Amino acid sequence: MSDPFAEMRLDGKVVVVTGSTQGVGAAIARRVADLGAAGVVVTGRDAERGEAVRSALGTEAVFVQGDLAEPDDCEAIIRACAERFARLDGLVNAAGLSTRGTIDDTSVALWDLLFAVNVRAPFLLIQHGARLMRRTGDGGSVVNIVTMASHGGEPVLTAYASSKGALATLTRNAGYSLQPDRIRVNGLNIGWTASEGEHGVQTETGASSDWLAEADANAALGRLLRPEDIAPMVTYLLSDAARMVTGSVIDFDQTVHGPDGEHVLPAATEGRA
């Protein structure tokens, strides 16, 4: 009998993971390597953190420093992959900015920056990445890390939620556009996740240093998401086991919505703020 989990491995594949110097991106890069990837491209702005992640992966890997707000840096990431590995099988757009701002106080500069990093960069990476994937004719897989805020978001996340809503639409459109090349494009609307970046956001906006303990205690399923919860779903979508899935944006969260869109709380948390 064949191994039912064999298709979920990434043996021989080459994967680019943006935003992989910390948090969700780093967890994804580690799992990609653990599942047998032949090559991993780690990217981010912080060279010290990036080299630390790269050197700990245990497989052939390269770190490419870059700022995704710069179009040339997006192209350089894929070019570095082509030069080092001569192929690309998977692309994970995990990088993103979540700077806060309401509809009243969001500046044009902030709006443009969030759309540049959260939408334009994934578009450019998919564009250049698909061209590299086509060289081998083996197809490929793209996974975009979106957010539950793409459904609308809180008032303090106007530009962020709007940019992620655009990324969700790009995911579906690219999934349709790239079908003839057998390049699949899917997204994950991840819920509230406890990562290094989130800790910084919480403390900078006035939360206490033990905000996570309180958030975990109030979470419907007992705790917030962790980066290590998200990584297995990403690698599943990268793998051959998900070969029939494309153009999907999956809600990866413990929040349940009823048929009319209302938020439904389980009995154990009914009445909590």
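Residues numbered from 1 in each chain as written. Predicted model: local features only at pLDDT ≥ 70, side-chain atom pairs only at ≥ 80, totals over all residues. Heavy atoms only, no water.

Caption draft 1: Expanded view of the sheet that holds strand S3 (residues 61–65). Strands sit in the order S3-S2-S1-S4-S5-S6-S7 across an open sheet of seven strands; the sheet is parallel. Both outer strands of the open sheet, S3 and strand S7 (249–252), are each paired with one neighbouring strand and no more. Across this sheet, the average inter-strand angle for adjacent strands is 15°, counted without regard to direction. Relative to strand S6 (residues 183–190), strand S5 (residues 140–145) is paired through six bridges, and the arrangement is parallel. Residue serine 141 lies in a different strand from S6, and its bridge partner there is arginine 184. Strands in contact with helix H5 (residues 158–177) are S5, S6 and S7; relative to S6, the strand with the most contacts, it is inclined by about 155°. (Pairing = 2+ DSSP bridges. Helix = DSSP H or I, 4+ residues; strand = E, 2+ residues; numbered from the N terminus. Axes fitted to C-alpha atoms, helices over the stretch in contact; angles between N-to-C directions. Contact = heavy atoms within 4.5 Å.)

Caption draft 2: Highlighting the pattern of salt bridges. Across all of its chains, the model carries twelve salt bridges by this definition. In this structure, aspartate 240 engages lysine 13 in a salt bridge whose closest nitrogen and oxygen atoms are separated by 3.3 Å. With aspartate 240 in the loop between helix H8 (227–238) and S7 and lysine 13 in the segment before strand S1 (14–17), this residue pair connects regions lying 227 residues apart in the sequence. Taking relative accessible area as the criterion, aspartate 240 reaches 35% and is therefore assigned partly exposed. With its nearest N and O atoms 3.6 Å apart, the salt bridge here joins arginine 49 to aspartate 46. Among the residues examined, arginine 49 registers a relative accessible area of 37% and is labelled partly exposed. Exposure remark for aspartate 46: the relative accessible area of 28% places this residue in the partly exposed category. The network of salt bridges with shared partners includes Arg87, Asp89 and Asp138. (Salt bridge = Lys/Arg side-chain N within 4 Å of Asp/Glu carboxyl O. Buried < 20%, exposed > 50% of the residue type's maximum accessible area, 1.4 Å probe, protein only.)

Caption draft 3: Examining the packing of helix H4 (residues 108–136) against H5 more closely. One way to put it is that H4 packs onto H5 with a least axis distance of 8 Å and a crossing angle of 15°. Relative to H5, H4 is oriented roughly parallel. Every pair of crossing elements has a handedness; the one defined by H4 and H5 is right-handed. Taking contact as the criterion, the partners of Trp111, Leu114, Phe115, Asn118, Val119, Pro122, Phe123 and Ile126 in H4 are, on H5, Thr158, Ala159, Tyr160, Ser162, Ser163, Lys164, Ala166, Leu167 and Leu170. Tallied by class, the residues present in the contact of H4 with H5 amount to twelve nonpolar, four polar and one charged. (Parallel < 35°, antiparallel > 145°, perpendicular 65-115°, else oblique. Left-handed = near helix turned anticlockwise from the far one by under 90°. Nonpolar A, V, L, I, M, F, W, Y, C, P; charged D, E, K, R; others polar.)

Caption draft 4: Just the confidence of the model for the protein chain, in detail. When pLDDT is averaged across the protein chain, the result is 91; 92% of the residues are at 70 or more. Confidence drops under pLDDT 50 across residues 264–273; counting only partners more than four residues distant or on other chains, this segment forms eleven contacts. (pLDDT = per-residue confidence, 0-100.)

Caption draft 5: Representation of the packing of aromatic side chains. Applying the stated criterion across every chain yields a total of two aromatic pairs. Their ring planes at 25° and their centres at 4.7 Å tell us that tryptophan 111 and phenylalanine 115 sit as a pair that is stacked. Here tryptophan 111 and its partner phenylalanine 115 are both found in helix H4, four residues apart, which amounts to about one turn of the helix. Take phenylalanine 115: its relative accessible area is 23%, and that puts it in the partly exposed class. Summarising the aromatic geometry, the rings of tryptophan 192 and tryptophan 211 are spaced 6.0 Å apart at their centres and angled 15° between planes, so their arrangement reads as stacked. On the criterion of sequence distance, the pair formed by tryptophan 192 in the loop between S6 and helix H6 (196–204) and tryptophan 211 in helix H7 (residues 211–218) is long-range, its members being 19 residues apart. (Phe/Tyr/Trp six-rings, centres within 6.5 Å; stacked < 30°, edge-to-face > 60°.)

Caption draft 6: Broad picture of H4. Taking 1.5 Å of rise per residue, the 29 residues of H4 would be expected to cover 42 Å, and the 41 Å separating its terminal C-alpha atoms lies within 8% of that figure. Its axis deflected by about 40° at alanine 116, H4 carries its strongest bend there. At the exit of H4 stands glycine 137, carrying a positive phi of roughly 75°. (Expected span 1.5 Å × (residues − 1). Bend = angle between axes of the 7 residues up to and from the residue.)

Caption draft 7: Seen up close, the side chain of serine 163. One can find serine 163 in helix H5. Discounting residues that sit within four places of it in the chain, serine 163 has contacts with Leu114, Phe115, Asn118 and Val119.

Caption draft 8: Inspection of helix H3 (residues 71–85) at higher detail. For H3, built from 15 residues, the straight-helix expectation of 21 Å at 1.5 Å per residue is met to within 8% by its first-to-last C-alpha distance of 22 Å. Residues of H3 that are buried: Cys74, Ile77, Ile78, Ala80, Cys81, Ala82 and Phe85. Looking at the packing, one finds that the buried side of H3 touches S1, strand S2 (39–44), S3 and H4. Two residues or fewer past H3, alanine 86 is found with a positive phi of approximately 65°.

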